[in-house]
Amino acid sequence: TQLDTLDIIVLSVILIATAAYFTKGKLWGVTKDPYANSFANTNGLKAGKTRNIIEKIEEAGKNCIIFYGSQTGTAEDYASRLAKEGKSRFGLETMVADLEDYDYDNLDQLPEDKVAFFVLATYGEGEPTDNAVDFYEFITGEDASFSESADPPLGTLKYVTFGLGNNTYEHYNSMVRNVDKALTKLGAHRIGDAGEGDDGAGTMEEDFLAWKEPMWAALAKKMGLEEREAQYEPIFGITEREGLTKESHEVYLGEPNKMHLEGSARGPFNAHNPYIAPIVESREIFNVKDRNCLHMEVDISGSNLSYQTGDHIAIWPTNAGQEVDYFLDILGLTEKRDAVISVKALEPTAKVPFPTPTTYDTIARYHMEICAPISRQFVATLAAFAPDESSKAEMTKLGQDKDYFHEKVSKYHYNLAGLLRSVGGGQKWNNVPFSAFIEGLTKLQPRYYSISSSSAVQPKKISITAVVESQLIPGRADPFQGVATNYLLALKEKQNGEPNPKPFGVTYEICGPRKKYDGIHVPVHVRHSNFKLPSDPSKPIIMIGPGTGVAPFRGFVQERAKQAEEGETVGKTILFFGCRKRSEDFMYESEWEERKKALGDAFEMPIAFSRDGPKKVYVQHLLKERSKEINELLEKKAYVYVCGDAANMAREVNTVLAQIISEQRGIPEAKAEEIVKNMRASNQYQEDVW
Ligand code: FAD
């Protein structure tokens, strides 16, 4: 038979797709993971660098590799701290390694006098972090095959593990638990306990500190290491660049990478390379003086970014100018803030976490979490550089005493500058090597927001719904302000030409490096999620999203309304929403009316007002009230979606659903809980919580 042109095109597409599938895109350099490090600068391996970890440690003369699986930077930060401590206290030759940068099939060749650490965060519903997906699949896979095929394969491997998790999630610390199990099964020997830190209980840092001491003792015993007096040794060297000024074109003033510096930023836009997106609209959606909730529309039409309903957008914030000023001031760097410096790793395996040459001002503004909670261990490190003996004694005490630290620091939400100011009475801390801050502070992280629009309705415009983080702290004069949301608030005020009631806001460098973000732009990337509507619109859905948890459901309901308008049969669409008062924080009130017109009786929106009447009503109560109906919908295989507060709401909703199933079907609670578990496993119950 003869093939016509169309057949040939179709066949070619199939062939190419098949080849792409079987080669995982390797043939043409497509990375299978859209978040893989496409931009190899300071963060990634440079082209041509080895993926062979054994080769790497031999070349660099290392005997301790600290692998990390990190999503928000904390695991990476802990890995660096362990590396530093292993070296300074025990003389280990440590290196930190991104799991994404190496192959694992030769872990069986790691010599016996060496040790591997795995510092692993669990993400979302028990998933590995993006950079640990391949490792996780390999190590837990049934047929993980190693280069030497010994039996057991990892019989000579010594390892240490610490996991970062959140007990409010169903699969608490499942990454570290499963990896630990897999390694043991493969014959490897764990040293010390498999540590677990709990972000849900707010004890991550303390769990880490409590775990590492016995671990070091066990490791020292096993490897015959001797502890020595820890001496601070900088990892990064800072050189002033006399010939350069901040006007010099090669100086980074906040541009995230070389393409941005050279004005040639192009995709793929991802966690290493943001798109500088125009904000086309921004407005306030609360009706109350002391709280703000922002609605923003971000235009991605100028990029190759795309999103699907239920995905997340990441906002790359900058620190507030006022905080940058405080930080530079207390370190005695105000005069030098615009001096151009180069930062180099003094350690061949360390990576400078931002591009250089740059300035102190830029580092503080664009690259470090200068406002975040401070680690107690870091406080102990800084003690050695205190401006006087009493500050030194105070820092040492804070470093050692968990309760004292809470009383003096955590309780007030102090950031580093606040702490140094309070301990030293305003004296400058100019003896601290700047490297210590690069090591001790996390790099500034993008913040994620559940996209609140539907990609079917507005494919090139992403909506954001964000509550501005501002808390009054007893005993503290100024309120505590979140980094990203106050930056967004300042952008909104600039865009709308609003007089700024809070001087805090205006000190953001709204226009960005070299005014490249002027005309109201914000750096973003998109993260795809598994939080998805059923592909069949006639399936009933139950959404539970109080407060900003309503964000993705605005998108879900938009999408179902469009489907209804297009004549499709749309199943029952119930949205349980909750807020304080109808007159204050009932978000998008008029929009729901519009959707109702399209969806008719298929759409219902029960609302729990917690401060509008004599009784506090929450979404969980409304679910209970509708037990019979909920159970019937579940029996019809309705999809359940929960979004918002992980600590209390999501957990309670889970419990209430099990209670409803138990009561309505007359079965024991344990059995009902099992049903809810199975619903999760089959994606009939999905969470997007934080
Ligand atoms: P940050 O500065 O990051 O502070 C956040 C919190 O950290 C503070 O409230 C405080 O508890 C603690 N903290 C920070 N600094 C200190 C300190 N010095 N001392 C003690 N404690 C401190 N939010 C929304 O509004 N809408 C959404 O749709 C949304 N979707 C999300 C989806 C996902 C998947 C995730 C992970 C989060 C989502 N969030 C959403 C939350 C959002 O990402 C941010 O965490 C939130 O907006 C606060 O950011 P911020 O930079 O303003 O606050």
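Thresholds, definitions, all that
- Sequence positions are assigned chain by chain, starting from 1 and proceeding in written order.
- Only residues with pLDDT of at least 70 are given local features in this predicted model, and only at 80 or more are side-chain atom pairs given and counted; all residues enter the totals for whole chains, interfaces and linings.
- Computation of side-chain values covers all heavy atoms of the structure but excludes hydrogens and water.
- Neighbouring residues are identified by heavy atoms, a residue being near a molecule or strand if any of them is within 4 Å of it.
- N or O atoms closer than or at 3.5 Å make up a polar contact, with two conditions inside protein: a donor-capable atom paired with an acceptor-capable one, and, for residues adjacent in sequence, both atoms drawn from side chains.
- For helices the rule is a DSSP run of H or I covering at least 4 residues; for strands it is a run of E covering at least 2, with both sets numbered from the N terminus onward.
- Polarity classes work like this: nonpolar for Ala, Val, Leu, Ile, Met, Phe, Trp, Tyr, Cys and Pro, charged for Asp, Glu, Lys and Arg, and polar for all others, with Gly in that last group.
- Between any two strands, at least two bridges found by DSSP are needed for them to pair.
- Remark: exposure states derive from per-residue accessible area (1.4 Å probe, protein chains only) relative to the maximum for the residue type, with buried under 20%, exposed over 50%, and partly exposed in between.
- Salt bridges are counted wherever a side-chain nitrogen of Lys or Arg sits within 4 Å of a carboxyl oxygen of Asp or Glu.
- Axis lines are fitted to C-alpha atoms, over the contacting stretch for helices. Their N-to-C directions set the angle, which ranges from 0 to 180 degrees.
- Should an angle fall under 35 degrees it is called roughly parallel, over 145 degrees roughly antiparallel, and 65 to 115 degrees roughly perpendicular, with every other angle called oblique.
- Throughout, a crossing is termed right-handed when the near helix is turned clockwise from the far one, and left-handed when it is turned anticlockwise from it by less than a right angle.
- In what follows, residue pairs with any heavy atoms lying within 4.5 Å of each other are defined as contacts.

Engineer: What's the story with the site of the ligand in this structure? I'm lost.
Structural biologist: Looking at the ligand, there are 24 residues lining it, with Tyr448, Tyr449, Glu469, Ala484 and Thr485 nearest. Contact distances for the ligand include 2.7 Å between an oxygen atom and a side-chain N or O atom of Glu469. Thr485 places a side-chain nitrogen or oxygen 2.5 Å from an oxygen atom of the ligand. Of all the secondary structure elements, the ones that give two or more residues to the shell around the ligand are strand E14 (447-450), strand E15 (461-467) and helix H15 (483-495). Looking at the shell around the ligand residue by residue, the class counts come to 13 nonpolar, eight polar and three charged.

Engineer: Honestly, the sheet that holds strand E12 (residues 340-345) in this entry has me stumped. Any pointers?
Structural biologist: Sheets are built from strands that pair by backbone hydrogen bonding, the pairs being arranged parallel or antiparallel. Spatially, E8-E12-E13 is the arrangement adopted by the three strands of the open sheet, whose pairing is antiparallel. One side of each edge strand has no neighbouring strand; the edge strands of this open sheet are strand E8 (236-240) and strand E13 (358-359). Bridge analysis of E12 against E13 gives two bridges, and the strand direction is antiparallel. Within E13, the position partnered with Val340 by the bridge is Thr359.

Engineer: Would you mind going over the pairing of strand E3 (residues 115-123) with me for this structure?
Structural biologist: When a strand is regular, its side chains alternate between the sheet's two faces. Among the nine residues of E3, nine are classified as buried, and the element is accordingly described as predominantly covered. Burial along E3 is two-sided: the face carrying Val115, Phe117, Val119, Ala121 and Tyr123 and the face carrying Ala116, Phe118, Leu120 and Thr122 are both buried. In the sheet, strand E1 (residues 64-69) pairs with E3 via six bridges, with the strands oriented parallel. Note on E3: the bridge partner recorded for Gly69 is Leu120. In this structure, E3 lies alongside strand E5 (residues 158-165), joined through six bridges in parallel fashion. Note on E5: the bridge partner recorded for Phe118 is Thr161.

Engineer: I tried to follow the pattern of salt bridges on my own but got confused; where do I start?
Structural biologist: A side chain with one charge may pair with a side chain of the opposite charge, provided their charged atoms come close. Taken as a whole and assessed by the stated rule, the structure comprises 44 salt bridges. The partner of Lys336 in a salt bridge is Glu240, with the nearest N and O atoms 3.0 Å apart. Of this pair, Lys336 sits in the loop between helix H8 (321-330) and E12 while Glu240 sits in strand E8, placing them 96 residues apart in sequence. Lys336 sits in the partly exposed class, given a relative accessible area of 35%. Close ionic contact of Lys258 with Glu262 constitutes a salt bridge, the shortest N to O distance being 3.7 Å.

Engineer: Help me understand the pairing of strand E24 (residues 685-689) in this model?
Structural biologist: Of all five residues in E24, five are buried; the element is thus mostly enclosed. Of the two faces of E24, the one holding Tyr685, Glu687 and Val689 and the one holding Gln686 and Asp688 are both buried throughout.

Engineer: Explain the packing of helix H4 (residues 133-140) against helix H5 (residues 174-185) to me, please; I cannot follow it from the model alone.
Structural biologist: Think of two packed helices as two axes; the pair is described by the angle between the axes and how far apart they sit. Interaxial distance between H4 and H5 falls to 9 Å at its minimum, and their mutual angle equals 40 degrees. Taken together, the axes of H4 and H5 lie oblique to each other. As for how H4 packs across H5, the hand of that crossing is left-handed. When H4 is examined against H5, the residues Phe135, Tyr136, Ile139 and Thr140 are found in contact with a partner set consisting of Met175, Asn178, Val179, Ala182 and Leu183. Counted by class, the contact of H4 with H5 contains seven nonpolar, two polar and no charged residues.

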